[in-house]
Structures are given as structure tokens and as C-alpha cells.
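# Understanding the architecture of this molecule
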Amino acid sequence: MHTDSSPINDVVILGGGSAGWMTAAALAKVFENKALKVRLIESQAVGTVSVGEATIPQISRFNKLLGLDENDFVKHTKGTFKLGIEFANWRQKGHAYMHPFGSYGTNMDAIQFHHYWLKMFQLGKAPELDKFSLLCTAAYSGKFNRPQPIKNSPLADIPYAFHFDATLYAEYLRKFAEARGVTRIEGKVQDVFTRNSNGFVDALLLENGERIHADLFIDCSGFRALLIEKTLNTGYEDWGHWLPCDRAVAMPCEAKNKVYPYTISTAQDAGWTWRIPLQHRIGNGYVYPSEFVSDDEAVDVLKQQMENTPLAEPNQLRWKTGRREKAWHKNVVAIGLSAGFIEPLESTGLHLIQSGISRLMAFFPNQGFNQIDIDEFNAQSKLEMEQIRDFIILHYKLTDREDTEFWRYCKHMDVPQGVTDKLNLYASNGRIFRKDNELFDETSWLAVMHGQGLQPQAYHPIVDNLPESEISRRLAHIQKVIETSVATMPMQADFIDKHCKATMM
Ligand SMILES: Cc1cc2nc3c(=O)[nH]c(=O)nc-3n(C[C@H](O)[C@H](O)[C@H](O)COP(=O)(O)OP(=O)(O)OC[C@H]3O[C@@H](n4cnc5c(N)ncnc54)[C@H](O)[C@@H]3O)c2cc1C
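Cut-off values and rules
- Residues numbered from 1 in each chain as written.
- Predicted model: local features only at pLDDT ≥ 70, side-chain atom pairs only at ≥ 80, totals over all residues.
- Heavy atoms only, no water.
- Near = heavy atom within 4 Å.
- Polar contact = N/O pair within 3.5 Å; in protein donor to acceptor, adjacent residues only side chain to side chain.
- Areas by Shrake-Rupley, 256 points an atom, 1.4 Å probe, with all protein chains shown as cover.
- Helix = DSSP H or I, 4+ residues; strand = E, 2+ residues; numbered from the N terminus.
- Nonpolar A, V, L, I, M, F, W, Y, C, P; charged D, E, K, R; others polar.
- Buried < 20%, exposed > 50% of the residue type's maximum accessible area, 1.4 Å probe, protein only.
- Contact = heavy atoms within 4.5 Å.
- Pairing = 2+ DSSP bridges.
- Domains from an automatic or database assignment.
- Buried area = accessible area lost by both parts, 1.4 Å probe.
- Salt bridge = Lys/Arg side-chain N within 4 Å of Asp/Glu carboxyl O.
- Right-handed = clockwise from strand over helix to strand, strands pointing away.
- Core = buried A, V, L, I, M, F, W, Y, C linked by side-chain atoms within 4.5 Å.

The environment of the ligand is formed by 35 residues, the closest being G16, A54, V189, L337 and L350. Contacts to the ligand include G17, whose backbone N or O atom sits 3.4 Å from an oxygen atom. About the coverage of the ligand: the protein hides 98% of its 1000 Å² of free accessible area. The set of elements that each furnish at least two residues to the shell around the ligand consists of α1 (18-30) and α9 (349-362). The greatest single-element share of the shell around the ligand, amounting to 3 residues, is contributed by α9. Of the residues contributing to the shell around the ligand, the split by class is 17 nonpolar, 14 polar and 4 charged.

Following this line, the structure appears as C-alpha cells:
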């Protein structure tokens, strides 16, 4: 065991995609003015995946850590705002629902709002759940505003995220990191040397013959996983039987339809397509299972459904769904696609990078590389990915669709116990609980379980203490407050024009 408590002086990040530059920016900020040398190696010849354009609200924490000016950030990444995701054709063809970032209604007598709503909805005396969400109502009206300091108003609580151009995002963070002392090295890593004594990575050999040594290596080399897997053979847990989509094709186009503040995910005969609206273009992609759809068919499906002519050639991507057995092994920490990948249905890729970075900060090592810390880092990473995996599986499992072989497979597949437990609990009495600080909370599980058509047999018994007329009155009041609040919000297009309009070339 290593007991060396001297500090890490030298970090090398391999890879300059979103993972590499997010890590570089965070290290530069946290270790600003400290004696930590941070270098990032990337190869233009290898390139980046250049997708990853929709986010979740937690990204604001990352922006705050860096101290970014949000308007400047949106402007330079040609971004827009995101209040949720609409899922079309998932439950059945022709049906759509929204998974919003914010909660529904307001809790009453310490009982979750949805129990009251469930009772009235099942009696046919309440409208759809969407009507009790400020974010759904705003999103469908094309409205956006940041939270306003108004007491007792739903306008005070508007969790939001961003859509942005992935290439511009990496460039933006690169400038940030370089301005704070990170050195970028252009070059392709050709070989990796390990130490005979303990198998730790010692140096990376570039094509030009240069050897780069470091104390700590962050593997941000994407699906290639050059250090954590190709060098250290860490192992991979395959989740493809639960999430069979293993390919995507992405192609941008100019906007023809309205640019509203939400992502659209449309289920196809197998897999699904995304529409991510930016200021200068629409990001489109089709995530599909290679077992059911060929690459050529996927390009055809995407082109047929795009609202305008493509602006670029198809960008084809392949992966194996799952996670690296150990995100941290010896002196290599994998962040980004090298640590594993779950399809982008709920835009969790950049979030996993962000949480990998904050976990690295929490467990930042010294030269001793304490194995107890490393084990805990890996245990936390595993739990986080499994919880996200379960939420994504929910969307496939809970469907009325049986019109294609793909959907029949999904509907009837065995799922992890965590999904079954959540489904059973909700189905029997409408109860939902967030477990172990998981990323997706009660609102998210409710949005998807209800949206995908699960009707509980009962609701919380305390609801019956309130007369129906009183519940109806309260629901009508909440709906009214939401409508009047949304009416005061600006259109997203006007908000962007005023605060963060990108310069178009
Ligand atoms: C289809 C798809 C859609 C997605 N959509 C979303 C989304 O909407 N929201 C979201 O949050 N996430 C999304 N993601 C995830 C997100 O794109 C990634 O998490 C993010 O881009 C990070 O990628 P990366 O930096 O790990 O890898 P990459 O972008 O692949 O970067 C790898 C880097 O390693 C370098 N490299 C590799 N080998 C070498 C070598 N030998 N020498 C030198 N350099 C090397 C490359 O040059 C590159 O700079 C999506 C992913 C996919 C596949």
C-alpha cells in the first residue's frame, strides 16, 4: 500500500471533448494560484463526438463553480433554454407528455400534491397533470424567464437548463481553462507506458516522440477509453439487454418550426429521434438499436423526419451501453464516455461528467493514492449510474406499444429490481420516494410513470379527509395561478434577444 502523503503536482487530461475541457476548466478554477500543473492532450485527427447539446438544471452548479456569466455563456454557445423534455409516441402513437424540471402543484397537509390530483383525475374531475406544472405550461407557450424574487409565487422557482452547440461549448471552456494556466498539447497518443513496480501509468508517448509524464491521468479519451481500458484493462459491465439502442446518427438543420424551450424525443418503430433547438440551428439525431435498424435505414428515417434540409453529413456514433467496472483505477480516473455511457434520452451525459469532476475534487488524492478513497469513489460512481440507468429503462418498459418487435421486446423484458420496486409502489398506492439521493426525484418518476400510462390502484388515504369540493377548489386555484403567472413571462425568443443573443456569422 502507498503511504506517500506528498501532493499531486502534475495532472494530464487525455482528450479535449466536453469531458476533457469541463475537467480542465474545473481543475483550473479550483486549483487557481496553487502549484498544480494541468496539461490537456487532444488530437484534431481523432476528433470529438460533438454531440451532447441538451442539459439538465444541475449544470447551473457547474457554471457557478466556474463563476461563468450565464448570458455570456449562452451567447457564445448559441444556446437556448430548456424547461423539460416532451416524449411523443412513447406510450402509444399519437400520445405525448412532458417531463418538466419543476414540480407539480403544491403539497397539502404534508401529502404530495399528486395524491390529491390522482383522486380527482381518476374521477374525471381534474385535467391532465401538465396543467399543474408552471414549466410545462410555459414550455408549451414558448415562454421563458429566470426565477423572479416574488414571494409565494411559482415564478420564484423555475429550474432550467440549456441547449447549446457542443463544439462551441468545448471552445468556450478551453478559453476559460487556458486563461487560468492549463496547457493544451496537440498530438495523438501512440503508446502508454506503465510502471513495472505497481502498474500505474507513467507516461504517454505522442506521435512526435514526446513523452508526457504525470502523477495523475484523467482519461477523457471518449469511447476509446485509452488509459482506463486499453492500458489498465479495467473491465466493462454491459447493460445492452436492458437498453438495446447502441447507435446514433446526428445531423443538424436550420429551424423551420418554432423554437420553444424544450427538447423533443419522438419514439420511432425502434429507438427514438431528438430535436434540440439552438439559436442558429436545430440539432437532430436518431438513437437506434443495431439489432433492429441498419445504419442506412437510420439515416433515411432521420432525413425524412427533419423539418429542413441537413446542414452537414451524418455523424454516425456507436457504443456499448454500460459502465466501466472501476471509473478510478490506480492513477487513472475516467471521466466522460470513457467511464461508460447510457443513451442520451434524459440528457445525462454532461451531468455525469460534472458529477465525476466534483467527486474527483472530493476525493482528490495525494501521491499515496489511498485505496479506501478510490473504492468509495467507485462505489458512488456505480450507484449513480445504476440509478440513472433504471430511470431510462422505465421509459422503455412502461409502454402500451406492441406494434413492432422492438417495443414488444422492451415491454416484456425483465428489468432491474430498482425499477420493479418503484413501479409496484406507485401502481399500488401512488407512492413515490427518492432513494439514496438519486438524480431523478419524485417529480421525474411521476412525470414518466403517469406519462407512460401507469394508473395507480389507490392514492394516499389522508386525501379523503378533504371534501371533494375543497380539493377541486384548490386544484382550480393552482391552475389559475399557473396560468396567470405564465401570462407574465416573456417569450423565450424575446428573452434571448434581450439578454443573450448570439452573433450570427
Ligand atoms: C448520440 C449521443 C448523443 C448525446 N447527447 C447528449 C445530450 O443531449 N446531453 C448530454 O449531456 N450528453 C449527451 N451525450 C453525451 C456527451 O456527448 C458526452 O458525454 C460528451 O460529449 C463527452 O464526450 P467525451 O469528451 O467523453 O468524448 P469525446 O468527445 O469523444 O472526446 C474524446 C477526446 O479524446 C481525444 N482522443 C482520443 N484518442 C486520442 C489519442 N489517441 N490521442 C489524443 N487524443 C485522443 C479526442 O481527440 C477527443 O478530444 C450524447 C452522446 C451521444 C453518443
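Moving on from the coordinates now.
Burial within helix α4 (residues 113-122) is extensive, with 8 of its 10 residues counted as buried. Among all positions in α4, only F113, H114, H115, Y116, W117, L118, K119 and M120 are buried. Looking at the buried residues of α4, the elements they touch are α12 (417-429), α13 (442-451) and α14 (468-487).

Here the focus is the sheet that holds strand β21 (residues 340-341). The strand order β12-β18-β21 describes an open sheet built from 3 strands, whose pairing is antiparallel. Where the open sheet ends on each side, the last strands, each with one partner, are β12 (236-238) and β21. Across 2 bridges, the pairing between strand β18 (residues 322-324) and β21 is antiparallel. The residue of β21 that forms the bridge with G322 is F341.

Where the parts come together, the accessible area they lose is often given as the size of the interface. Each domain of the chain was delimited in the assignment, giving domain 1 (10-53 + 165-237 + 322-369) and domain 2 (104-163 + 390-492). Relative placement of domain 1 and domain 2: their C-alpha centres are 38 Å apart. Counting residues at the interface gives 7 residues for domain 1, matched by 9 residues for domain 2. A combined buried area of about 650 Å² lies between domain 1 and domain 2, and 69% of that area is made up of carbon and sulfur atoms. Counting across the domain 1 and domain 2 interface gives 0 salt bridges. When its residues are assigned to classes, the side of domain 1 that touches domain 2 shows 2 nonpolar, 2 polar and 3 charged.

Let us now look at the pairing of strand β2 (residues 37-42). Where a strand is regular, its side chains alternate between the two sheet faces. Most of β2 sits inside the fold, with 5 of its 6 residues counted as buried. Where strand β1 (residues 10-14) and β2 come together, 5 bridges link them in parallel fashion. Bridge assignment links I13 to a residue of β2, and that residue is L40. Once the chain exits β1 it traverses α1 before rejoining the sheet at β2, and the crossover so formed is right-handed. Of the pairings in the sheet, the one linking β2 to strand β7 (residues 183-186) comprises 4 bridges and is parallel in character. Counterpart to I41 in the pairing with β7 is I185.

A few words now on the side chain of S153. Here S153 is to be found in the loop between α5 (134-141) and β6 (161-163). Judged by its relative accessible area of 17%, S153 falls in the buried class. Here the side chain of S153 touches L155 through a polar contact of 2.9 Å, landing on its backbone nitrogen.

A few words now on the sheet that holds β1. Pairing within the open sheet is mixed, and its 6 strands lie in the order β7-β2-β1-β11-β20-β19. Looking at the sheet topology across the chains shown, the edges are occupied by β7 and β19 (328-329).

With that out of the way, let us pick up the pattern of salt bridges. In the structure shown here, the tally under the stated rule is 28 salt bridges. Between K125 and E468 there is a salt bridge, with the nearest N and O atoms lying 2.7 Å from each other. Within this pair, whereas K125 is found in the loop between α4 and α5, its partner E468 is found in helix α14, the two being separated by 343 residues in sequence. Residue classification places K125 among the partly exposed positions, given a relative accessible area of 49%. According to the relative accessible area criterion, E468 is partly exposed, its value standing at 30%. When the shortest N-O distance is used, the salt bridge between R184 and E186 registers 2.6 Å. On the basis of relative accessibility, which here comes to 19%, the residue R184 falls in the buried class.

This next bit is on the nonpolar core. Residues I13, F81, F113, I218, I335, Y396 and M449 are the most contacted members of the largest nonpolar core, which totals 145 residues. If you tally residues by element for this core, the top one is helix α10 (residues 371-397), at 9 residues. In this structure, Y396 is in contact with W90, L243, C245, W272, E343, L345, F406, W407, C410, K411 and M413, ignoring residues within four places of it in sequence. Core analysis: the next-biggest nonpolar cluster, separate from the first, contains 19 residues, V192, L227, I228 and A339 among them.

This brings us to the pairing of strand β4 (residues 84-88). Where burial is concerned, most of β4 is hidden: 5 out of the 5 residues are buried. Every second residue of β4 is oriented toward a common face, with G84, E86 and A88 on one face and I85 and F87 on the other, all of them buried. Sheet topology note: the β4/strand β5 (residues 96-100) ladder contains 5 bridges and is antiparallel. Paired with F87 across the two strands is Y97, which belongs to β5. Pairing between β4 and strand β14 (residues 263-267): 4 bridges, direction parallel. Of the residues in β14, the one forming a bridge with E86 is I264.

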